[in-house]
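Overview (structure and organization)
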Amino acid sequence: MAKTAMAILGATGDLALRMLFPSLYFLELDGLLPEGMAIVGGSRTETDTAGFLAKVETSVRERSEGFFRDDCWKRLADRITYVSVDASQAPSFKALAAALAGAEEVVFYLSTSPSLYAATCAALTVHGLTGGKNRIVVEKPIGRDLKSSAAINDALGSAFSEDRIFRIDHYLGKEAVQNLLALRFANTLFEPLWNKVSIDHVQITVAESVGVGGRGPYYDEYGALRDMVQNHMLQLLCLIAMEPPASLEPESVRNEKVKVLRSLRPIEGRELDKRTVRGQYVRGVSDGESVPGYLEELGHNSETETFVALAAHIDNWRWAGVPFYLRTGKRLPSKASQIVIQFREVPHSIFEGSDLLANRLTIRLQPEEGISMTLMNKTPSLDRGGMNLKPLSLNLSLIDAFPGERRRRIAYERLLLEVIAHNTTLFVRRDEIEAAWAWVDGIEAGWERQGVSPAPYAAGTWGPSGAFALTERQGHTWYD
Ligand code: BG6
């Protein structure tokens, strides 16, 4: 196996310390890191390897809780060296190049602000670090709109070919999200029903109970639509709506996802009012405690939304006329993400006097992964001619099904392994990102043109009243 090295730039930042190094620790613990793989941490901070390792150890200990083992930490620490690099000073990359000298292929993980991506690519090019199988990993936000995203993608593309660019959407690293592929394409049961004939509508909810906390300055520039819908929510929608790919090969899966994104009907004109809702939380009660509103946390006025609900339509044969409701926000009643597939009602009921509830498949993504299906059943009784019916649930808890899984994996563990293996299936291709931005840009532009301000909602509630009207208008209700 080629000798691989990983260079993490922005190595003293929050993402690297909270997610990347703990993930590498767990991969080391499971014996999954390639033998001899060197890890180089780089950032502007002036420190040496010992100083850097002290920082990394603290965060790995914190994150690994009962799983910290001295021998494993030592093995990981032995791989790590630190160099000072500054993306705005190309010559500072000389030390980085020297630290990577023995590697046959290098993964550059940019855990930095996207504003540094272009300068970093230029510096890597100057130092001859972009050739061969060397690859680059980047995090969202890849732009704030289509134009800025294209500029970042151009910079990445000028240094690395598309098959060597790994754009992370950490939702694709979650077990429960990958399980959507298994549920749809490893079972024959659903696929014949997975269309407008049998499905009435789909709901995708990604709710968070936290506020924006210390991330105010970043968040205020983006808002819920750009921060969550453009990436995580649309990726979930793609996995639910796409056609069966021919294989799990990267292009096979990504070709199908991009077709969904390109089939999203633009939301514009008078539709904007009916099909979109913006909200912003005000003071309220979360987890039994009084919590401040968004503007109080931010310390200044703002028109940024912390909640968004949309009724999306996919204009193709499979989904014509089926609403896909998307809802996400901060300071909602709980942290819960789920996808609900609401099937249609039976065409004709032979059970007089019993209300028949249409079948519903609920896929819980977090905090507890599980799948449930409501079915109508007969209640044991003699009344109504013996046919008294009741909806009951078939429940599959993915936690109980795998009691051997000692802990919940960090999504980055899987993603880092895929980067090392050079497999881009779980990463987002340029055309996907850009198709998603094109759709989101249309909504942003409409809000701006029509002066749509976010409606207030109390922290700890399910968003502004408009979010309920959005579904009720079409005879539907949200499932919490
Ligand atoms: C990030 C967003 O991409 O995803 C955050 O920037 C959000 O605002 C987070 O809190 C949610 O991720 P998860 O894995 O906790 O659902």
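Just above, that's the structure.
This is a predicted model, so every value here is computed, not measured.

When helices and strands are counted, the protein shows 15 helices and 17 strands. For 480 residues, the compact-globule estimate of 2.2 N^0.38 gives 23 Å, and the protein sits close to it at 24 Å. Across its three principal directions, the C-alpha atoms of the protein cover 80 × 50 × 45 Å. Looking at the protein as a whole, 54% of its 480 residues are labelled buried.

Our focus in this paragraph is helix α2 (residues 49–64). When the terminal C-alpha atoms of α2 are compared, their 21 Å separation across 16 residues agrees well with the 22 Å that a helix rising 1.5 Å per residue should span. Those residues of α2 that sit buried are Phe-52, Leu-53, Val-56, Ser-59, Val-60 and Ser-64. Buried residues of α2, seen end-on, are gathered within an arc of 135 degrees and therefore sit on one face of the element. Along α2, exposed side chains directed more than 90 degrees from the buried face belong to Ala-50 and Glu-62. Here the buried face of α2 lies against α1 (14–29), β2 (38–43), α3 (70–79) and β3 (80–84). Two residues or fewer after α2 comes Glu-65, characterised by a positive phi angle close to 40 degrees.

This paragraph deals with the nonpolar core. Judged by nonpolar contacts, the single largest core of 140 residues is most densely connected at Phe-21, Leu-96 and Phe-108. Looking at this core, the element that brings in the most residues is helix α8 (residues 216–241), giving 13 residues. What Leu-96 contacts, discounting residues up to four positions off in sequence, is Ala-7, Leu-9, Val-40, Val-83, Val-85, Phe-108 and Leu-124.

Below, the discussion takes up the side chain of Arg-407. By the element assignment, Arg-407 lies in the loop between α12 (398–401) and α13 (411–420). Overall, the relative accessible area of 15% leaves Arg-407 in the buried class. In terms of polar contacts, Arg-407 uses its side chain to reach the side chain of Glu-413, at 2.9 Å. Other than its neighbours up to four places away in sequence, Arg-407 contacts Phe-26, Asp-30, Phe-67 and Glu-413.

Looking now at the site of the ligand. Around the ligand, the neighbouring residues are Lys-140, His-170, Tyr-171, Lys-174, Glu-208, Arg-215, Asp-227, Met-228, His-232, Lys-330, Lys-335 and Gln-366. At 2.8 Å, a side-chain N or O of His-170 approaches an oxygen atom of the ligand. Side-chain polar atom of Lys-335 to an oxygen atom of the ligand: 2.8 Å apart, as the coordinates give it. Here the ligand has 400 Å² of accessible area as a free molecule, and 81% of this is covered by the chains. Here the element with the most residues in the shell around the ligand is α8; it accounts for three residues. For the shell around the ligand, the residue count by class is two nonpolar, three polar and seven charged.

Bringing the environment of Asn-423 into the picture now. Locating Asn-423 in the fold gives a position in the loop between α13 and α14 (430–449). By relative accessible area, which is 26% here, Asn-423 ends up partly exposed. Along the sequence, Asn-423 and Pro-250 sit 173 residues apart, while their C-alpha atoms lie 7.2 Å from each other. For Asn-423, the residues in contact, after removing those within four places along its chain, are Phe-166, Pro-250 and Glu-418. Among the polar contacts made by the side chain of Asn-423, one reaches the side chain of Thr-425 at a distance of 2.9 Å.

Glancing now at the packing of aromatic side chains. Within the structure shown, the criterion is met by 14 aromatic pairs. Judged by centre distance (5.7 Å) and plane angle (5 degrees), the ring pair of Tyr-25 and Phe-68 falls under stacked. Highlighted residues: Tyr-25 in helix α1 and Phe-68 in the loop between α2 and α3, separated in sequence by 43 residues. Each member of the pair, Tyr-25 together with Phe-68, is buried.

With that settled, consider the packing of α1 against α13. One can describe the packing of α1 onto α13 by two numbers: an axis separation of 8 Å at closest approach and a directional angle of 70 degrees. The angle between α1 and α13 falls in the class roughly perpendicular. Relative to α13, α1 is oriented so that their crossing is right-handed. Two secondary-structure elements touch here, α1 through Leu-15, Met-19, Leu-20, Ser-23, Leu-24, Phe-26 and Leu-27 and α13 through Tyr-412, Glu-413, Leu-416 and Leu-417. The class makeup of the residues in the contact of α1 with α13 is nine nonpolar, one polar and one charged.

Another aspect to go through is unusual backbone geometry. The omega angle of the peptide bond from Lys-140 to Pro-141 is 0 degrees, so this bond is cis rather than trans. Topologically, Pro-141 is positioned in the loop between β5 (135–138) and α6 (146–159). At the junction of Gln-366 and Pro-367, the peptide bond is cis and its omega measures out at 5 degrees in the coordinates. The backbone of Glu-65 sits at a positive phi, close to 40 degrees, despite the residue not being glycine. Its relative accessible area of 65% is what places Glu-65 among the exposed residues. Positive phi is not limited to glycine here, since Asp-287 has a value of about 50 degrees. Looking at Asp-287, the relative accessible area reads 67%, which means it is exposed.

The rules behind these values
- Residues numbered from 1 in each chain as written.
- Predicted model: local features only at pLDDT ≥ 70, side-chain atom pairs only at ≥ 80, totals over all residues.
- Heavy atoms only, no water.
- Helix = DSSP H or I, 4+ residues; strand = E, 2+ residues; numbered from the N terminus.
- Rg over C-alpha atoms; globule rule 2.2 N^0.38 Å.
- Buried < 20%, exposed > 50% of the residue type's maximum accessible area, 1.4 Å probe, protein only.
- Expected span 1.5 Å × (residues − 1).
- Arc of directions from axis to C-beta.
- Contact = heavy atoms within 4.5 Å.
- Core = buried A, V, L, I, M, F, W, Y, C linked by side-chain atoms within 4.5 Å.
- Polar contact = N/O pair within 3.5 Å; in protein donor to acceptor, adjacent residues only side chain to side chain.
- Near = heavy atom within 4 Å.
- Areas by Shrake-Rupley, 256 points an atom, 1.4 Å probe, with all protein chains shown as cover.
- Nonpolar A, V, L, I, M, F, W, Y, C, P; charged D, E, K, R; others polar.
- Phe/Tyr/Trp six-rings, centres within 6.5 Å; stacked < 30°, edge-to-face > 60°.
- Axes fitted to C-alpha atoms, helices over the stretch in contact; angles between N-to-C directions.
- Parallel < 35°, antiparallel > 145°, perpendicular 65-115°, else oblique.
- Left-handed = near helix turned anticlockwise from the far one by under 90°.

The quantities given are spatial measurements derived from coordinates; they are silent on function.
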